Amino acid sequence: MNQSWRPGASLATLRKRARINQLLRTVSEQRGWLEIDPPVIIDADAFESGIELIHTYDALNACANSLHSSPELALKRVLAAYPQLPGVYSLGPVFRAGESGRLHNPQFTLFEFYQTQVDLSQIIETTLDLILTVTSDQKAKTPPIVRWDYAELLAEYCQLSADQVYHAPATELAKTGKRLGINVSADIALNRDDWLNLLLTHIVEPTFPGEQLTLITGFPESQAAMAKTQYDSIAGMRIERACRFELYGGQMELANGYQELTCPKRQRARLSATQKPPSTHKTSNQSLNRFMSALEHGLPESCGVALGVERLLLWLSGNQHIDAVMAFSHNRR
Amino acid sequence: MASYSTNEFKSGLKVMLDGDPATIIENEFVKPGKGQAFNRVKLKNLKTGKTIERTFKSGETIEAADVIETEMQYLYNDGQDWYFMDPETFEQINANENAVGDAKHWLKEQDICSVTLHDGVPILVLPPNHVELKVVETDPGLRGDTATGGTKPATLETGAVVKVPLFIEEGETLRCDTRTGEYLSRVKN
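My aim in this report is to walk through the structure given alongside it, one point at a time. From a predicted model like this one, the values you see are computed outputs, not experimental measurements.

Digging into the interface of chain A and chain B
Contact residues are listed per partner, giving 28 residues for chain A and 17 residues for chain B. For the pair chain A and chain B, the two sides together bury roughly 2,000 Å², of which 51% comes from carbon and sulfur. Linking chain A with chain B are three salt bridges. Here Lys34(B) and Glu48(A) are joined by a salt bridge, their closest N and O atoms 3.1 Å apart. In terms of residue count, the dominant contributor to the side of chain A that touches chain B is helix α7 (residues 192-204) of chain A (five residues). Its residues placed into classes, the side of chain A that touches chain B shows seven nonpolar, 13 polar and eight charged.

A word on helix α8 (residues 264-273) of chain A
All names here are of chain A. The complete set of buried residues in α8 reads Pro 264, Gln 267, Arg 270 and Leu 271. Projection of α8 onto a plane perpendicular to its axis shows the buried side chains occupying an angular sector of 125°, all on one side. Seen from the buried face of α8, the exposed residues on the opposite side, beyond 90 degrees, are Lys 265, Ser 272 and Ala 273. In this structure, the buried side of α8 is in contact with β9 (229-234) and α9 (286-297).

Notes on the pattern of salt bridges
Residues and elements named next belong to chain A. As enumerated under the stated definition, the model contains 26 salt bridges over all chains in all. For Asp 129, the salt bridge goes to Arg 31, with nearest N and O atoms at 3.0 Å. Taken together, the residues Asp 129 in helix α3 (residues 120-138) and Arg 31 in the loop between α1 (11-30) and β1 (34-35) connect sequence positions 98 residues apart. The partly exposed category is assigned to Asp 129, whose relative accessible area is 42%. A relative accessible area of 29% means that Arg 31 is categorised as partly exposed.

Remarks on the packing of α1(A) against helix α10 (residues 309-317) of chain A
Residue and element names in this part refer to chain A. It is at 11 Å that the axes of α1 and α10 come closest, and there the two elements cross at 120°. On the basis of the axis angle, α1 is oblique to α10. Where α1 crosses over α10, the handedness of that crossing is right-handed. Counted together, Thr 13, Lys 16, Arg 17, Ile 20, Asn 21 and Leu 24 of α1 and Val 309, Glu 310, Leu 312, Leu 313, Leu 316 and Ser 317 of α10 form the full contact between these two elements.

Quick word on the sheet that holds strand β7 (residues 145-149) of chain A
Residue and element names in this part refer to chain A. Pairing within the open sheet is mixed, and its eight strands lie in the order β1-β5-β6-β13-β12-β11-β8-β7. Bordering the open sheet on either side are β1 and β7, each of which pairs with just one other strand. Bridge analysis of β7 against strand β8 (residues 213-217) gives five bridges, and the strand direction is parallel. Across the sheet, residue Trp 148 finds its bridge partner in β8, namely Ile 216. Relative to β7, helix α4 (residues 150-158) is tilted by about 90°, and along the sheet it contacts β7 and β8. Against the sheet, α10 engages β5 (87-95), β6 (107-116), β8, β11 (244-249), β12 (252-259) and β13 (302-308), with an angle of about 135° to β12.

Digging into unusual backbone geometry
All names here are of chain A. Here the phi dihedral of Gln 159 falls at roughly 50°; this positive angle occurs in a residue that is not glycine. Mapped onto the elements of the fold, Gln 159 is located in the loop between α4 and α5 (162-167). The backbone of Asn 285 shows a phi angle near 65°, a positive value even though the residue is not glycine. Following the sequence through the fold, Asn 285 ends up in the loop between α8 and α9.

As for the environment of Gly92(A)
Residue and element names in this part refer to chain A. With respect to the helices and strands, the residue Gly 92 is situated in strand β5. Owing to a relative accessible area of 15%, Gly 92 belongs among the buried residues under this scheme. Gly 92 sits 82 residues away from Ala 174 along the chain, and the two C-alpha atoms are 38 Å apart. Excluding residues within four positions of it along the chain, Gly 92 makes contact with Phe 108, Thr 109 and Leu 110.

Observations concerning the nonpolar core
Residue and element names in this part refer to chain A. Of all hydrophobic cores here, the largest spans 38 residues; its most connected members are Leu 24, Phe 111, Leu 307 and Leu 312. Looking at this core, the element that brings in the most residues is α3, giving seven residues. Setting aside residues up to four positions removed in sequence, Leu 307 forms contacts with Leu 24, Thr 109, Leu 110, Phe 111, Leu 130, Ile 131, Leu 254, Ala 255 and Leu 312. Counting residues in each nonpolar core, the second largest holds 30 residues, with Tyr 150, Ala 162, Ala 168 and Leu 200 among its members.

The rules we used
- Residues numbered from 1 in each chain as written.
- Chains lettered and ligands numbered in written order.
- Predicted model: local features only at pLDDT ≥ 70, side-chain atom pairs only at ≥ 80, totals over all residues.
- Heavy atoms only, no water.
- Contact = heavy atoms within 4.5 Å.
- Buried area = accessible area lost by both parts, 1.4 Å probe.
- Salt bridge = Lys/Arg side-chain N within 4 Å of Asp/Glu carboxyl O.
- Helix = DSSP H or I, 4+ residues; strand = E, 2+ residues; numbered from the N terminus.
- Nonpolar A, V, L, I, M, F, W, Y, C, P; charged D, E, K, R; others polar.
- Buried < 20%, exposed > 50% of the residue type's maximum accessible area, 1.4 Å probe, protein only.
- Arc of directions from axis to C-beta.
- Axes fitted to C-alpha atoms, helices over the stretch in contact; angles between N-to-C directions.
- Parallel < 35°, antiparallel > 145°, perpendicular 65-115°, else oblique.
- Left-handed = near helix turned anticlockwise from the far one by under 90°.
- Pairing = 2+ DSSP bridges.
- Core = buried A, V, L, I, M, F, W, Y, C linked by side-chain atoms within 4.5 Å.

Right under this line is the structure:
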C-alpha cells in the first residue's frame, strides 16, 4: 500500500522538532527579542540572487503576488519603526521555488532574528551560543567549532590566491574547477560567483567533518546583496568584502548572517546590481518599495541571522534526508 | 527530439551524454543559500560502462537517449555473451559483458529481464527486481536460530553472494532484491 499519507519524520523526531521550536523561542525571549508574524504573502518579485519566489494570485487586486522566501523585509521594517527594540525574530515557513532534494524542500522553516546595536563578530557569538544551547539540550557532546576566512579556505583546498578569489575572471576559476575534477555541462555559462560556489560545494564542503561546526567569514562583496561591506587588508591588497558569515553543521549550511546594510542609496544600487532569476509574473513590488521607505526612514545598526530549522535537526539527528525531519515534505503534501 | 529538464532527473533515466546513451545513477540537488542551483549527477555511459560525474545548472535540459526498453526472456550464456529472446516474436539477441554488467550474478534462465536497446544493440540489462534463487553454498544452518539476528554469506545458483540469516541451509530457495542485493525471505517449496 502507498504509505505517503504518513509523516516522513518519526514520532521521536517530531518531538525533537517541537522541542527545538520551543527552545528557540525561550532563548529569544530571554534576550528580549520580540516575536513577529510576518506576512507570508508579499507583493514582490525575486530580488535576491539565486532565490526564486513561488507566485500566488491576489484576487483583491487581480495581480501577481509571491510567497516570501524569508521574513527579512518585514522584520527590518519593524526595526525601523521601533528602533528601541533589542531584537526581533520570527519562526515560521518560508518558500523557494524549484528547491527540492536531499537537503531542500520548497517549504521549510526559518528561524530569523535581528539584533540591534551589534556588529558581525557579536552576532556570530550570539548565533554560536544559541546553537550550542540547542545542541546541549539534544546531545551530550559539545561540537568542535572551526573558523575559516573565505580566502584562506579556498587557498587551502583549491590553491587559489586571495587575488584570484576576489578578482579572477570566471574563465580562470573554471580552469581551477576543472583541474580539481569539477565537470560541468558544456552548455552553461557560469559567472565567477557560480564557480566560487561550485568550488565550495564540490571541493571544500566535503572536507568538513560531520560533527563539526564550521564558520566562514570574508565572502566576496557580490555574494550578499543586503549586507554591509568593509575593506579588509589581505595579502597587501585592500579588498571589499561582505559583512557576512555562513555557519555549517557538518557539510550543510545551517545559518547565514549579515551585518545589515542601512544606507538606502547603497541598498538600491546593490539590489539593482544583483542578478535576479527571470520573473514570469510581474507584481507591483509594494513590499520592496515599503522596505526601501523604511530604510530611508532609518534602520538601526543591526545584524540578522537566518537559521534553517530542518537543517539544524538533520545535523543533530544524523538523518540523511530532509523528508525524515518534516511531518510532510513536498512529496507527501 | 525529446529532452528532459533537470527537475525530471532520477536514477534510471536514459539520456544522451557526449553523443553516447547514458543512464542516471544518482542525482543530487545542490544549492548554496545565496547562489545558483545545480544538479550534481552521476551517470553511467552505456557504451563504455564508465561512470562519470557531471554538474548541470538547474533548469537546463538534456537530450533523451534514443533507446528502446524491452522485456526479454533470458536464455543462456555461451561463455562470452548472454542470449535473450523477445517473448512475442521469439527473436533472439545477444548482449556482451558491458551491457550485462552486475546483472550477470542474478540472471536465471527463463526470467524476464529489462533489456535496453540502442540502434538494435543491447546496452543495458537489468534483472527482475525480485528473483527466487537456490542456495548452492553456505555454512551449515543453525536450526531454529531465528532470533539472534546474525548473518552469514550464501552463494546462489547464479553466482550472487548475499547475506542471509544463520538458519538458511544449502538447497533452500530464497527471494532476493536485485537492486539492493539483499535477502528478503525463504520460499517454501
